[in-house]
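For reference, the chains in residue letters:
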Amino acid sequence: MKKIEVNEVFKEDWNRVLNHIANLFFEDSKIVVSADDAELSFRFQYSIDKDYAIHTNCELEVDGQTYTSNYSIRYESEGTEKEQGIRMKRALSHVMLDVLEQYTGMTQQWGILTGVRPTKLYHKYRKQGLKEEEIFAILKKDYRISDSKIALMREIVKRQLETIPDLDEIGKELSVYIGVPFCPTKCAYCTFPAYAIASNRKAGRVESFIDGLHIEIRAMGKWLKENNMNITSVYWGGGTPTSIEAHEMDALYQTMFESFPNPEKIREITVEAGRPDTITIEKIEVLKKWGIDRISVNPQSYTDETLKAIGRHHSVQETIDKFWLSRNAGMNNINMDLIIGLPNEGIEEFQHSLDESGKMQPESLTVHTLSFKRASEMTHNKDKYKVADRDTVTKMMEMASAWTAENGYVPYYLYRQKNILGNLENVGYCKPGEESIYNIVIMEEVQTILGIGCGASTKFVNPLTGKITQFHNPKDPAAYIMTFEEAIEKKIEMLNDLYHTEVKQ
């Protein structure tokens, strides 16, 4: 751990932001006010003048050297107390990042951005009426984002608006996420609700969960019908929703189509069939029966040793076989995921994964950068998993960008995560016209996402103010079975509050 000294006691949220900046350069750091054994010492100065201008200065002393940075920005109004705090944190981050870049020689392509949704920031300035060149200037000067990342953001925003022309008004509708929390096994990097289906089937929890899920789908569908709410998209995730049996899937889809309002107006339905070892011809026939042809078949890697190391109990060949099984059976919109930086993988292994992807040409390819999520098995046992260094993962991302362009893919959404290797990003690429509507609306937070099922989070987005509130269903199947009825009541209460409707008797 890198111990970092600062010259005053900051507010907790200020400390948290500065810690995020420090962790872009060091694997782990701790900020303290004074310490004899501190490895780096920062001295900050900051002020706000009567013209609403913020001025910040930072001096870094380390190894007998001093690095300095100054930054000023003027605002048109005083702003609320909350806005003032955000502005100051951003200005302090600016000078801290600058001196750390001077000291380390590292350049952070995403600048001071540590949040999940960079393109949401671009949309914000777009909706304020700023022109492309004005947005570019702000992102470069005030957020220190590189030219290439700004260009990526601009390209993605343009693609999103072509895919969903009514993106700015889509808050009048909502989308639905349905969580099925079972998988054959749990991957080492995963923190999603993913419980081994065999043991839960034996304990009777699978059947009980599915019974509860039918009830929840019907109850939420009833509210949606009574309140004339149209659904934009539906995403079946988890876990792996194709872990359950074909007849169980069939019954759930029937309940969905019977319960949801105006199913013919739903623009997109996706089923995450991410684990190839769950895909069968019977399940594909069920998907076809209900007109669902958008699925995922996720390799993550095309190296068997890697799959074994991360806990995916299927082979590379099974991934390939199940892709072609799905394609030949009529699945016309298949996504595949690759992960950059998996244990013991370097340039050669990732190039092999790209080459294998090229043979299949899925409609979309999502390129994730490995993130050490706090609750994952991989994070708890870092010594066991040797991952690629910063330069290598950066090269891999460049390889993915070049490969997708050469193969006719375009980027259409991106997001970032804490503790992501190389301070990079996850990018969704697709063949033009095959963009996932759900991926766009959830990342840009432009409408409410109603969560149904185990581990499902509901994100209530106020269509007028954009204010976001959340409600989380239990992650554990046993807890869900006990409490799903309470969750239904709470979500209906929150929906009524959000859309200003009266509870219907």
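Conventions adopted
Residues numbered from 1 in each chain as written. Predicted model: local features only at pLDDT ≥ 70, side-chain atom pairs only at ≥ 80, totals over all residues. Heavy atoms only, no water. Helix = DSSP H or I, 4+ residues; strand = E, 2+ residues; numbered from the N terminus. Expected span 1.5 Å × (residues − 1). Buried < 20%, exposed > 50% of the residue type's maximum accessible area, 1.4 Å probe, protein only. Arc of directions from axis to C-beta. Salt bridge = Lys/Arg side-chain N within 4 Å of Asp/Glu carboxyl O. Axes fitted to C-alpha atoms, helices over the stretch in contact; angles between N-to-C directions. Parallel < 35°, antiparallel > 145°, perpendicular 65-115°, else oblique. Left-handed = near helix turned anticlockwise from the far one by under 90°. Contact = heavy atoms within 4.5 Å. Pairing = 2+ DSSP bridges.

Engineer: Any chance you could break down helix H1 (residues 12-23) for me, citing the residues and the numbers?
Structural biologist: Across its twelve residues, H1 extends 16 Å between first and last C-alpha, which sits within 8% of the 16 Å expected from 1.5 Å per residue. Regarding H1, the residues found buried are Trp14, Leu18, Asn19, Ile21 and Ala22. Looking down the long axis of H1, one finds its buried residues gathered within 160° of arc, a one-sided arrangement.

Engineer: Just give me the short version of the pattern of salt bridges, but keep the residues and values in it.
Structural biologist: Tallying each qualifying case throughout the model produces 30 salt bridges. Residue Glu226 is joined to Lys222 by a salt bridge in which the shortest nitrogen-to-oxygen separation is 2.8 Å. Here Glu226 pairs with Lys222, and both are found in helix H7 (residues 205-226), just four residues apart, close to one helical turn. Between Lys322 and Glu318 there is a salt bridge, with its nearest N and O atoms 3.4 Å apart. With Lys322 and Glu318 both in helix H11 (residues 316-328), this residue pair falls four residues apart, about one helical turn.

Engineer: So what's going on with the packing of helix H8 (residues 246-259) against helix H9 (residues 281-289)? Which residues, and what values?
Structural biologist: Any two packed helices are characterised by how steeply their axes cross, that is the angle between the axes, and by the distance between the axes. Look at H8 against H9: their axes get within 9 Å of each other, and the N-to-C directions meet at 15°. With respect to H9, the axis of H8 lies roughly parallel. The crossing of H8 and H9 is right-handed. Judged by residue contacts, Ala246, Met249, Asp250 and Tyr253 of H8 engage Glu282, Lys283, Val286, Leu287 and Lys289 from H9.

Engineer: Let's hear about the environment of Ile449: which residues, and what values?
Structural biologist: Relative to the helices and strands, Ile449 is located in strand E16 (residues 448-453). Ile449 sits ten residues away from Lys459 along the chain, and the two C-alpha atoms are 5.2 Å apart. In contact with Ile449, not counting residues within four places along its chain, are Ser175, Tyr177, Tyr438, Val441, Ile442, Ser457, Thr458 and Lys459.

Engineer: Please set out the environment of Ile210 residue by residue, giving values where relevant.
Structural biologist: Locating Ile210 in the fold gives a position in helix H7. In this structure Ile210 comes out as buried when scored by relative accessible area, which is 6%. In this structure Ile210 touches Ile244, Glu248 and Leu252, once residues within four positions along its chain are discounted.

Engineer: An account of the sheet that holds strand E3 (residues 40-48) is requested, with residue identities and associated values reported.
Structural biologist: The sheet built from five strands is open, its strands ordered E2-E1-E3-E4-E5 with mixed pairing. Since the sheet does not close on itself, it has two edges, and those belong to strand E2 (29-32) and strand E5 (65-74), each with one partner. Going from strand to strand, the sheet's axes swing by 20° on average, the running direction of each strand aside. Two elements, E3 and strand E4 (residues 53-62), share eight bridges in a ladder whose sense is antiparallel.

These values are about where atoms sit, not about what they do.
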